[in-house]
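Examination of the molecular architecture
What follows is each chain in one-letter form.
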Amino acid sequence: MGTALVTGATSGLGLEIAWQLAQARHDLVLVARTPERLRQVAEEMRQFAGVQVETLQADLSKRDELERVAERLREKSKPIGLLVNNAGFGLGQRFVGGDLAREEDALNVMVRAVMVASHAAAGAMVERGRGAILNVSSMTAHTAMGTYAAHKAWVLRFTEGLAAELAGTGVTATALCPGLVHTGFHAAAGIDETQWKAPLWLDAERVAIDGLAAVRRGQVICTPSLRYRSANAVLRLAPRWFVRRAVGPERSGQGCD
């Protein structure tokens, strides 16, 4: 994979994916909003994994800062072999009556940033004839859990279309669709994690392992764990009125991975 660029790389699943890549001796470009945390994580990876780590501070909800990430992905002198579009957050609110600015930030981070970064990376990778893109979607993509689910559904379908377009180029696209993962994601959004039973939770290390293995195989959709693959099969086959009733906004904390 060469050098990997990971967004949302200083916490949660992004941090776990970055560590696994570092331990596999891949150099890294870490993208996150907080400079202090970026420097800390980068130095730890340099010290403990012995890899080269660049940092790129960027708020992906802002178009000009997102463009700096896209420029790095297009850079020919230091090519990126793997793009991991992981950045995202739980909204912790209903759409009706919620903060519209927060909704727009979520749309920008989880949809626009994925599109812009993938466009930049795919163009450069196709020109070289190799590379991979891993987009973090969610099992909520098959539900009706508000705008978060809608964003993740877009990521899933976008990745499928991108994978089809990239066929035969030497470049692959994979959508990782985890369920509930112990990462601190929900706490950051003010969502009560106790509403879900313990057996539903997945380990971040296992999810990252499965996602990176899927990338290496060129697999288009990866849903870690049999329980969530089974749940997704049910959701795809069930009538949409049932899905809306069973896993609609009233069941949601506006964020589920």
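Residues numbered from 1 in each chain as written. Predicted model: local features only at pLDDT ≥ 70, side-chain atom pairs only at ≥ 80, totals over all residues. Heavy atoms only, no water.

Under an unreviewed UniProt entry, the name given to the protein chain is SDR family oxidoreductase, and the source organism is Actinomyces viscosus. Quoted verbatim from the Sequence similarities (unreviewed entry) field of the UniProt record, the comment on the protein chain reads "Belongs to the short-chain dehydrogenases/reductases (SDR) family." (UniProt positions renumbered as here; feature names shortened; annotations may be inferred.)

So, on to the overall build of the protein chain. Within the protein chain, the regular secondary structure consists of nine helices and nine strands. Of all 257 residues assigned to the protein chain, the portion counted as buried reaches 51%. In the protein chain, 69% of the contacts between residues at least 6 apart in sequence involve partners at least 24 apart. A total accessible area of about 11800 Å² is found for the protein chain, and carbon and sulfur atoms account for 54% of it. (Helix = DSSP H or I, 4+ residues; strand = E, 2+ residues; numbered from the N terminus. Buried < 20%, exposed > 50% of the residue type's maximum accessible area, 1.4 Å probe, protein only. Contact = heavy atoms within 4.5 Å. Areas by Shrake-Rupley, 256 points an atom, 1.4 Å probe, with all protein chains shown as cover.)

Let us now look at the pairing of strand β1 (residues 3-7). In terms of residue burial, β1 counts as a mostly covered element, since five of its five residues are buried. Every second residue of β1 is oriented toward a common face, with Thr3, Leu5 and Thr7 on one face and Ala4 and Val6 on the other, all of them buried. Relative to strand β2 (residues 28-32), β1 runs parallel, the two being bridged by four bridges. Within β2, the position partnered with Thr7 by the bridge is Val31. As for the winding sense of the linkage, the β-α-β connection from β1 through helix α1 (residues 12-23) to β2 is right-handed. (Pairing = 2+ DSSP bridges. Right-handed = clockwise from strand over helix to strand, strands pointing away.)

A few words now on helix α7 (residues 204-217). Here α7 is 14 residues long and its end C-alpha atoms lie 20 Å apart, about the 20 Å a rise of 1.5 Å per residue gives. Looking at where α7 begins, the residue whose side-chain oxygen comes 3.1 Å from the main-chain nitrogen of Glu205 is Asp203. Gly218, located one to two residues past α7, shows a positive phi value of around 75°. (Expected span 1.5 Å × (residues − 1). Polar contact = N/O pair within 3.5 Å; in protein donor to acceptor, adjacent residues only side chain to side chain.)

What follows covers the packing of helix α3 (residues 63-74) against helix α4 (residues 100-128). Contact geometry for α3 and α4: axes closest at 8 Å, N-to-C directions at 20°. Judged by the inter-axis angle, α3 sits roughly parallel to α4. In the crossing of α3 with α4, the sense of the turn from one axis to the other is right-handed. For the pair α3 and α4, the contacting residues are Arg63, Leu66, Ala70, Leu73 and Arg74 in the first and Arg112, Ala113, Val116, Ala117, Ala120, Ala121 and Ala124 in the second. (Axes fitted to C-alpha atoms, helices over the stretch in contact; angles between N-to-C directions. Parallel < 35°, antiparallel > 145°, perpendicular 65-115°, else oblique. Left-handed = near helix turned anticlockwise from the far one by under 90°.)

With that settled, the discussion passes to the pattern of salt bridges. Applying the stated criterion across every chain yields a total of 10 salt bridges. For Arg46, the salt bridge identified is with Glu43, shortest N-O distance 3.2 Å. Taken as a pair, Arg46 and Glu43 lie in helix α2 (residues 35-49) at a separation of three residues, close to a single helical turn. (Salt bridge = Lys/Arg side-chain N within 4 Å of Asp/Glu carboxyl O.)

A few words now on the state of the cysteines. All chains considered together, the criterion is met by zero disulfides. In this structure Cys177 is not part of a disulfide, and its nearest cysteine sulfur, from Cys222, lies 7.9 Å away. The exposure class assigned to Cys177 is buried, which follows from its relative accessible area of 1%. The buried category is assigned to Cys222, whose relative accessible area is 5%. (Disulfide = S-S within 2.5 Å.)

Turning our eyes to something else, we now look at α2. With 15 residues, α2 should cover 21 Å at 1.5 Å per step; its first-to-last C-alpha distance of 21 Å lies within 8% of that length. Taken as a whole, α2 has its buried residues at Leu38, Val41, Ala42, Met45 and Ala49. Angularly, the buried residues of α2 cover 100° about the axis, an arc narrow enough to put them on a single face. When the buried face of α2 is taken as reference, the exposed residues oriented beyond 90 degrees from it are Arg39, Gln47 and Phe48. Those residues of α2 that are buried lie in contact with α1, β2 and β3 (53-57). Following α2 by one or two positions, Gly50 adopts a phi angle in the positive range, close to 70°. (Arc of directions from axis to C-beta.)

Okay, the sheet that holds β1 next. Reading across from one edge, β3-β2-β1-β4-β5-β6-β9 is the order of the seven strands in this open sheet, with parallel pairing throughout. The open sheet has two edge strands with one neighbour each: β3 and β9 (221-222). α2 contacts β2 and β3 of the sheet and is inclined by roughly 170° relative to β3. Running at roughly 150° to β3, α3 makes contact with β1, β2, β3 and β4 (80-85) of the sheet.

Under the counting rule described, the total for this entry stands at one aromatic pair. Their ring planes at 10° and their centres at 4.7 Å tell us that Trp154 and Phe158 sit as a pair that is stacked. Taken together, the positions of Trp154 and Phe158, both in helix α5 (residues 146-166) and four residues apart, correspond to about one turn of that helix. (Phe/Tyr/Trp six-rings, centres within 6.5 Å; stacked < 30°, edge-to-face > 60°.)

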